[in-house]
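Read off the chains here:
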Amino acid sequence: MFRTALRNVLAHKARLLMTMLAVMFGTAFVAGTLVFTDTLGSALRSQNSKSYTDIAVTVSDREAAGRGYDNGGKATTGPVLTEETRKAVAALPGAAEVRGVVSGFAGIADKKGALIGNGFSTTGTNYVPGADGTDPRYPLVEGRGPKDATEIALDTKTADKGGYRVGDTVRVAVNGPVMELKLTGTLHTNDPRVVAGGSLAAFDTATAQQLYLSPGRFAELDVKSKPGTDDTALLTAVKQAAPQGDNIEAKTGRELSDEQDRMIKQGTTMLSTFLMGFAGIALFVGIFIIANTFTMLVAQRTKELALLRAVGATRRQITRSVKVEAALVGLTASVAGLLAGIGIAAGLKALLNGPMDANLPEGPLVVAPTTVVAAIAVGVLVTLVAAWLPARRASRVAPVAAMSSGDQPATQKSLAVRNTIGLLFTLAGAAMLAAGASGKEFKLVGAGAGALLIGVFVLTPLLSRPLIALFAPLLRAVYGTPGKLAQENAIRNPRRTAATASALTIGVTLITSLTVVGATAGEALDKATASDLKADYVVAMQNASLLSPEVATQIAKAPGVSVISTERDVPVNLGQGEDDTEWLRTVDAATIDQLSTIKVKEGSADALKQGRLLVSSGRAENAGYKVGDTLAVTYPDGAKGSLTIGGVTEANTALAGIVAPEAVVGPHALPGSGLNRVLVKGTNGATPELKQALRDATGGNPLITVKGEKDMKAENRQMLTGILNMMYGLLGMSVVIAVLGVVNTMAMSVFERRREIGMLRAIGLDRLGIRRMVRLESLLIALFGGLVGIALGIVVAWAGVQALAGDLKGVSTVVPPVQIACYLLAAAVIGLLAALWPAHRAAKLDILGAIKSH
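Everything numeric here is computed off the predicted structure, so don't read it as measured data. (Residues numbered from 1 in each chain as written. Predicted model: local features only at pLDDT ≥ 70, side-chain atom pairs only at ≥ 80, totals over all residues. Heavy atoms only, no water.)

Enquirer: Is there a simple way to explain the overall build of the protein chain in this structure?
Expert: In terms of regular secondary structure, the protein chain is built from 29 helices and 24 strands. Its C-alpha atoms give the protein chain principal-axis dimensions of roughly 100 × 70 × 50 Å. Within the span of the protein chain, comprising 854 residues, buried residues form 49% of the whole. The contacts in the protein chain between residues at least 6 apart in sequence include a share of 80% that link residues at least 24 apart. The averaged location of the 68 negative side-chain charges in the protein chain is 17 Å from the averaged location of its 84 positive side-chain charges. (Helix = DSSP H or I, 4+ residues; strand = E, 2+ residues; numbered from the N terminus. Buried < 20%, exposed > 50% of the residue type's maximum accessible area, 1.4 Å probe, protein only. Contact = heavy atoms within 4.5 Å. Lys, Arg positive; Asp, Glu negative; His and termini not counted. Charge placed at Lys NZ, Arg CZ, Asp CG, Glu CD.)

Written out as structure tokens, the structure reads:
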């Protein structure tokens, strides 16, 4: 039977081609994902190890990273790392050198004033020269390191992007006005943030301390050990020499490197899992193609299988022979998919480092043994699972019945069972969707969507006849006999039509759902931006860091400014633990009602002016707050007090959570704590002149953004569009596989109907009519799949949107008609394109040869 299976694969290799391609594409997705993430992880780990090659022990001040707050948001007053600490650690017997480190962010403007690099990767640090005047962390390429507050050094890539040369004046900013500093040198760095497209600005130590911490303070001490020194012993000594406090932490370089490696692994694992989800979708679509192909092959070989049964082959042997065929197909396609996946990973890496300028770290392509095994195993397993039902059907055909018919129709009992199961799944899915939508339960919505999809897929043979019949009058009126034949052929075998259409339905369902959710979210954000914010402009840092309080003072003095309000988050503690921390958003109580829409549901609209709190309805519901409640709080500076809730407001995206008057809470914030943003209203509204005046007031800082309503809407739309385009691209593979399924079904249908086609030609239907008949049949199948997919996508998206209703103000489902119509048109085009080759083959059949075929 193995030889029989091998002969069948070789005999039908043309008919199995599309199936092999479907498996190959799905396997290539899996292999490409694994190879790319393994390669990326290996390169990042290699780069990470270089960062700790000369560090034996590191002492860090966690307060320095939190700007005076610990992880729970409480004010901290622990010890700090100073020059005296550095000298004490340097005096230890095993310490060869101790480097004090200060770091933060620093935006570099090009000669046109635009920010160089990504705002979230604009790194600033201190340059620590050794005895030879150079810092071994940052080898100089040209010039020298900075020596005072008027000088700066840049990494070579940033200098090249900005067109800067040694001796030029560079515009650089932290969280306030721009500084103009002399470029004294360019340097090289392995910092992953910089390698990935960020920028590095190096200041002298005193300037960096002034910008990021306070004079004489370090965020970290890096200890280099003497040859032969045990790192663990040195760590023990360093812990004794360093100041004692919960905020001071000492670790070996190996521990830090291992922590970074774990973080890298976690990140690449998340990326791999995300991509594998889409690979799974592609493989799931492939299952329909494989099952359909083997079902048609079994039907076309009914007499052959009957003869095998007649000469003594058992049902188990027949089943096994079909499974062996499937395994051979899966193995061949999986090996090809593995090779294609390796090529995809290499091409993706080259693309990201080339035209897309992602600056991924260099490293060899990693093809792990587990990747090879996983890719091949997935391809073979998927093929075997898809071929399981066709194999069982092949073994259950009685020899005599098989010898008398080329295709056995489904029994009424099997159809009834199938339709009953499909109806039950559909009803259960619809019920769970409705319950999840009304109860805001995402898990229930997800389960309902899955059940509904399964139910509809099972019912597609039943749905195919009435839905395809809708197009019958149009086809007959426009195309005559070919149109009528196409419609009858499409519903001749509902199961085959359903399996082919379902592959396309999956992709269309997901794309439609994403589109509806994206359009809904976009419109909700636009409405919220327009209704919740009265301010003409919002001034903030583009990397989500904090503004210097000086910026608000300068903005208030800018020409054309009518009123402003600062916003900043201040943590207060309601008890002793970290879980007892509440973050308050402070605003100017006298002006905030002119800059933001505040609708009070309970309590007083003047609560802020009365020195009391306003709480959003969502926060009040979650925390159990109500008007009149008094909160006993401990402020960041250690002072204790009480705050009373004066009102509960409707949902507002601009002022979520708990809002407090700046005059009451602000004085208790830590000295120098920054602002989240500044709201501005102009005397003459939002004008280009006011926008420019605000930019001038911020000193032209490239990290500070000045955004009006249109800017914020455009930013939201751009973000949503980027996410949707990425998702569409990842779903593209499943659509390609679905197209292969249509091509495959039509090609095999032409083969098994070649006698019928010959008879049509003999009684007068010309080649154009034959081509038109095949193309229209393919069009009907694609439209059927597209219609079902669009309907399912809208229903699932509606349920998801309703579950989101509590998080987005005024949300209602938006179905973009133009895009939905384009998807249906795209399905039609796919159907027509998929039929080009099968239609050409059908039209070229020899009439006499086709009539004589069996």
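Now that the structure has been shown, we can carry on.
Enquirer: Can you help me understand the environment of Thr529 in this one?
Expert: Examined against the element boundaries, Thr529 turns out to sit in helix α18 (residues 494–532). Sequence separation between Thr529 and Met712 is 183 residues, and the spatial gap between their C-alpha atoms is 7.5 Å. The contact partners of Thr529, leaving out residues within four places of it in the chain, are Glu709, Met712, Lys713 and Asn716. There is a polar contact of 2.8 Å between the side chain of Thr529 and the backbone oxygen of Leu525. (Polar contact = N/O pair within 3.5 Å; in protein donor to acceptor, adjacent residues only side chain to side chain.)

Enquirer: Before we go on, may I ask you to explain the pattern of salt bridges in this structure?
Expert: For the coordinates displayed, the defined rule picks out 25 salt bridges. Its salt-bridge partner being Lys691, residue Asp711 comes within 2.8 Å of it at the nearest N-O pair. One end of the pair, Asp711, is in helix α24 (residues 709–752); the other, Lys691, is in helix α23 (residues 688–697), and 20 residues separate them in sequence. Overall, Lys691 belongs to the buried group, its relative accessible area being 17%. Through salt bridges with shared partners, a single ionic network connects Asp54, Arg99, Asp135 and Arg137. (Salt bridge = Lys/Arg side-chain N within 4 Å of Asp/Glu carboxyl O.)

Enquirer: Would you explain the packing of helix α17 (residues 481–490) against helix α26 (residues 767–804) in this entry?
Expert: Packed helices, taken two at a time, are described by their axes: the angle between them and the distance between them. α26 packs onto α17 with a crossing angle of 45° between their chain directions and a minimal axis gap of 8 Å. As summarised for this structure, α17 and α26 are arranged oblique, according to the angle between their axes. When the axes of α17 and α26 are compared, the crossing they make is right-handed. Residues Pro482, Gly483, Leu485, Ala486, Gln487, Asn489 and Ala490 of α17 touch α26, and the partners they reach there are Gly769, Arg772, Met773, Leu776, Glu777 and Leu780. A breakdown of the residues in the contact of α17 with α26 according to their chemical character gives seven nonpolar, four polar and two charged. (Axes fitted to C-alpha atoms, helices over the stretch in contact; angles between N-to-C directions. Parallel < 35°, antiparallel > 145°, perpendicular 65-115°, else oblique. Left-handed = near helix turned anticlockwise from the far one by under 90°. Nonpolar A, V, L, I, M, F, W, Y, C, P; charged D, E, K, R; others polar.)

Enquirer: Looking at this structure, I do not really get the confidence of the model for the protein chain. What am I missing?
Expert: In this model, the protein chain carries an average pLDDT of 85, and 91% of its residues clear a pLDDT of 70 or more. Ranking the elements of the protein chain by mean pLDDT puts helix α13 (residues 399–403) last with 56 and strand β8 (residues 151–155) first with 95. pLDDT under 50 marks residues 67–76. Its contacts with residues more than four places away, or in other chains, come to 29 contacts. (pLDDT = per-residue confidence, 0-100.)

Enquirer: Mind showing me how you'd approach the sheet that holds strand β14 (residues 248–252) here?
Expert: Note: strands within a sheet are paired through backbone hydrogen bonds, in either parallel or antiparallel orientation. Ordered by their spatial adjacency, four strands build an open sheet running β3-β13-β1-β14, and the pairing between neighbours is antiparallel. Two strands bound the open sheet, and with one partner strand each, they are β3 (95–101) and β14. Here the average twist between neighbouring strands, direction ignored, is 15°. The pairing of strand β1 (residues 57–61) with strand β13 (residues 220–225) spans four bridges and is classified as antiparallel. Each residue of the ladder has a partner; that of Val59, found in β13, is Leu221. Running at roughly 160° to β3, helix α4 (residues 83–90) makes contact with β3 and β13 of the sheet. (Pairing = 2+ DSSP bridges.)

Enquirer: Got a minute to help me understand the packing of aromatic side chains in this structure?
Expert: Any aromatic ring pair is given by two values, namely how distant the centres are and how the planes are angled relative to each other. A full pass over the atoms with the stated rule returns four aromatic pairs. Seen from their ring centres, Phe274 and Phe278 are 5.2 Å apart, and the 70° between their planes marks the pair as edge-to-face. In this pair, Phe274 and Phe278 are both assigned in helix α9 (residues 253–300), four residues apart and thus about one turn of the helix distant. Overall, the relative accessible area of 34% leaves Phe274 in the partly exposed class. Taking 5.4 Å as the distance between ring centres and 85° as the angle between the ring planes, the aromatic pair formed by Phe284 and Phe288 counts as edge-to-face. (Phe/Tyr/Trp six-rings, centres within 6.5 Å; stacked < 30°, edge-to-face > 60°.)

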